[in-house]
Amino acid sequence: MAEQRGRTQERGRQARRKVLEAALEVIAERPVAEIQVQQIAERAGMSPARVLYYFHSRDEILVETFRWSERGLSERRAAQFSALADPLARLDRYVRLYLPVDRHDVSWKLWLEAWLRSTSANELSRTADEIDGRWMRDLAAIIADGVAGGVFRSLPAEEFLSSFNALLDGLAVHVLIGRLDRARAVRTALDEAAEKLGTKT
């Protein structure tokens, strides 16, 4: 009985992962507002009913895809930061990981959708707040290490964090809508950090 239950649970995990992988592909191709369960089901090779057996709604799929995508990025961020002792190098890596890869960046498309829903405080916007908090903690740690090591000038951390985060978000939106290429966005962010932190990036 236990063995059979284990096999059933494993099939469920595999099916859920298949749906999330399909959702990533569909989100990369379409505006989030236009995405339907039917499209995700077709990409996953499942019926809509089976998809909704594992995820109760389209919004639940979006939330779980957002979490899954950001979890992978968080793990990559932790691994890369642990290999970089220099706060300057970590700040550079932070900026490059934060900004969208291109106009089809799935995590950023979901970020925008979450912002649009922020007034309703639904699960997607709450998930965005949790994820944003982790990013901000990582940035705060980089700045604190740089100040402690004399690499960055001492400054009000909260003031820098909020303004720099707002700058990154604005640059990200311009990359997503095609008004700014990613390389220019990275350079703009690092130049601003250099000016505020009193160092060369």
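So, here's what we can say about the structure. As the structure is a prediction and not an experimental result, all values here were calculated from the model. (Residues numbered from 1 in each chain as written. Predicted model: local features only at pLDDT ≥ 70, side-chain atom pairs only at ≥ 80, totals over all residues. Heavy atoms only, no water.)

This model, assessed by the stated rule, comprises 10 aromatic pairs. Ring centres 5.0 Å apart and planes at 85° place the aromatic pair Tyr-53 and Tyr-54 in the edge-to-face group. Residue classification places Tyr-53 among the exposed positions, given a relative accessible area of 62%. For the ring pair Tyr-94 and Tyr-98, a centre distance of 5.8 Å and an interplane angle of 20° mean the geometry is stacked. (Phe/Tyr/Trp six-rings, centres within 6.5 Å; stacked < 30°, edge-to-face > 60°. Buried < 20%, exposed > 50% of the residue type's maximum accessible area, 1.4 Å probe, protein only.)

For Asp-169, the position within the fold is in helix α8 (residues 157-176). Comment: no salt bridge for buried Asp-169; closest opposite-charge side chain is Arg-77, at 12 Å. (Helix = DSSP H or I, 4+ residues; strand = E, 2+ residues; numbered from the N terminus. Lys, Arg positive; Asp, Glu negative; His and termini not counted. Salt bridge = Lys/Arg side-chain N within 4 Å of Asp/Glu carboxyl O.)

Considering all chains together, one arrives at 13 salt bridges under this definition. Of the charged contacts in the structure, one is a salt bridge between Glu-64 and Arg-67, with a shortest N-O distance of 2.9 Å. Separated by 3 residues within a single helix, Glu-64 and Arg-67 lie in helix α4 (residues 58-82), roughly one turn from each other. Salt bridges linked by common partners bring Glu-64, Arg-67, Glu-123 and Arg-126 together as one network.

Our next topic: α8. In this model, α8 (20 residues) spans 28 Å end to end at C-alpha, consistent with the 28 Å of a helix rising 1.5 Å per residue. Those residues of α8 that sit buried are Phe-160, Leu-161, Phe-164, Asn-165, Leu-168, Asp-169, Leu-171, Ala-172, Val-175 and Leu-176. Within α8, the buried residues cover an arc of 165° as seen down the axis, which keeps them to one side. The inward-facing, buried residues of α8 abut α5 (87-98), α6 (106-116), α7 (123-148) and α9 (182-197). Note on α8: the residue one or two positions beyond its end, Gly-178, has a positive phi of about 85°. (Expected span 1.5 Å × (residues − 1). Arc of directions from axis to C-beta. Contact = heavy atoms within 4.5 Å.)

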